[in-house]
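Residues per chain are reported as follows:
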Amino acid sequence: MQSKLHTWCAFLCLIVFNSTLVFGQSHNSRDSYTRFGIAPVVGFYKLNSHHAVNAKARMSFSAFLKREKSMDRSNRVFLSMGIEYLLHGVSYRSYYFSQDTLQLYDESMGFNYRMNIGELNLPIQAKLTFKSTTNSLFTPYVSVGYHLRYILNTNLKVDQDGAQLKDEFVHLKFKNPLLHDRFNAFAGINLGVQSHRTRSNSITIFIELSYRYGFSPYYFKTNYSASSVFLNSQHLALNLGIGF
């Protein structure tokens, strides 16, 4: 049911965006932008406490490029679509099973797991500015979006008391996948302020606070790690960028 919902949401967003992009009429020079931005990101992680504890976010960042187009003559409603790279990480304590031992869950989670996760995201967003971009130099705005996400790679390191036991790439996948086990989505909301084009300057700037909620937990399986360490994540980012 959840996969079907994601599929229809993504399909409808793509149809609406592409039809308006192709057939929409330009109103003036301020009706479309290409936006580039970067952001420090803070992650909030929740996991299955029966198999892992002490989840802590690691250093994270994102970078994105998207195309934004006005959908009305007053230039207050915009749709955008683009591509983003998100690198985030989490550490936690859990079990570690050697090949010559039984997998006994005795609550002695004395091993440190550190994950760095690379994702490719496809944000599809609708934005409303509180003033017309035609008649003002600056304006606040709010936007909501559906972000398709694909897990590119995941590096995992395991150690105990400073002694490294594992350093390898693992197959991280979603518990409730969308089309493929590495596909799912975020729902997001942004609050920001942007400048607008003038006759003497075609470059704009923006700053926005972005919140995202992941629809599905993700996990990996190895012969040494505990099963069912399902990770749920939320992300808060401060996006800084330019439009041209």
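Residues numbered from 1 in each chain as written. Predicted model: local features only at pLDDT ≥ 70, side-chain atom pairs only at ≥ 80, totals over all residues. Heavy atoms only, no water.

K.L.:
Any chance you could explain the overall build of the protein here in plain terms?
P.N.:
If you tally the helices and strands in the protein, you get one helix and eleven strands. Listed N to C, the secondary structure of the protein is α-β-β-β-β-β-β-β-β-β-β-β in terms of helices and strands. Counting the 244 residues in the protein, one finds 45% classified as buried. Expressed as a percentage of contacts within the protein between residues at least 6 apart in sequence, the contacts between residues at least 24 apart total 74%. Accessible surface, the protein as shown: approximately 12600 Å² in total, 62% of it carbon and sulfur. (Helix = DSSP H or I, 4+ residues; strand = E, 2+ residues; numbered from the N terminus. Buried < 20%, exposed > 50% of the residue type's maximum accessible area, 1.4 Å probe, protein only. Contact = heavy atoms within 4.5 Å. Areas by Shrake-Rupley, 256 points an atom, 1.4 Å probe, with all protein chains shown as cover.)

K.L.:
What am I meant to see in the side chain of Ser-233 here?
P.N.:
In this structure, Ser-233 sits in strand β11 (residues 231–243). Here Ser-233 falls in the buried class, since its relative accessible area comes to 3%. Side-chain polar atoms of Ser-233 contact the side chain of Tyr-218, separated by 3.1 Å. (Polar contact = N/O pair within 3.5 Å; in protein donor to acceptor, adjacent residues only side chain to side chain.)

K.L.:
I keep staring at the pairing of strand β5 (residues 138–160) and nothing clicks. Help me out?
P.N.:
Strand residues, when the strand is regular, have side chains that alternate between the two faces of the sheet. Bridge count for strand β4 (residues 111–129) against β5 is 18 bridges, and the pairing is antiparallel. When the bridges of β5 are listed, Ile-117 appears paired with Thr-154. The pairing of β5 with strand β8 (residues 183–195) spans 13 bridges and is classified as antiparallel. Note on β8: the bridge partner recorded for Thr-139 is Gln-194. Where β5 hands over to strand β6 (residues 163–169), the hairpin turn is made up of two residues, of which Asp-161 adopts a positive phi near 55°. (Pairing = 2+ DSSP bridges.)

K.L.:
Looking at this structure, I do not really get the confidence of the model for the protein. What am I missing?
P.N.:
As a note on interpretation, predicted positions should not be read in detail where pLDDT is low. Per-residue pLDDT for the protein has a mean of 88; in total, 86% of the residues score no lower than 70. Ignoring residues within four places in sequence, the model shows residues 1–8, a span with pLDDT below 50, making eleven contacts including any to other chains. Across residues 15–29 the pLDDT falls below 50, and counting only partners more than four positions away or on other chains, this stretch makes 21 contacts in the model. (pLDDT = per-residue confidence, 0-100.)

K.L.:
When you look at the nonpolar core in this model, what are you seeing that I'm missing?
P.N.:
In a soluble, globular protein the nonpolar side chains are often hidden away together inside. Residues Tyr-92, Tyr-113, Met-115, Leu-156 and Phe-220 are the most contacted members of the largest nonpolar core, which totals 25 residues. Put simply, the parts of the chain that give this core at least two residues each are β1 (32–47), β3 (77–94), β4 and β5. Sorting elements by how many residues they give to this core places β4 first, with four residues. Contacts of Leu-156, omitting those with residues within four sequence positions, involve Tyr-113, Arg-114, Met-115, Lys-166, Asp-167, Glu-168, Val-170, Phe-220 and Tyr-224. In terms of nonpolar packing, the next biggest core, distinct from the first, is built from five residues, Ala-39, Leu-86, Phe-186 and Ala-237 among them. (Core = buried A, V, L, I, M, F, W, Y, C linked by side-chain atoms within 4.5 Å.)

K.L.:
Just checking my understanding: could you explain the pairing of β4 for this structure?
P.N.:
In the sheet, β3 pairs with β4 via 16 bridges, with the strands oriented antiparallel. Bridging from a neighbouring strand, Phe-78 pairs with Lys-127 of β4.

K.L.:
Got a minute to help me understand unusual backbone geometry in this structure?
P.N.:
Trans peptide bonds make up most of the peptide bonds, and negative phi angles are found at most residues other than glycine. You will see that Asn-54, though not glycine, has its phi angle at about 60°, which is positive. With respect to the element layout, Asn-54 can be found in strand β2 (residues 52–70). Positive phi outside glycine occurs at Asp-161, with the angle close to 55°. Here Asp-161 shows up in the loop between β5 and β6.

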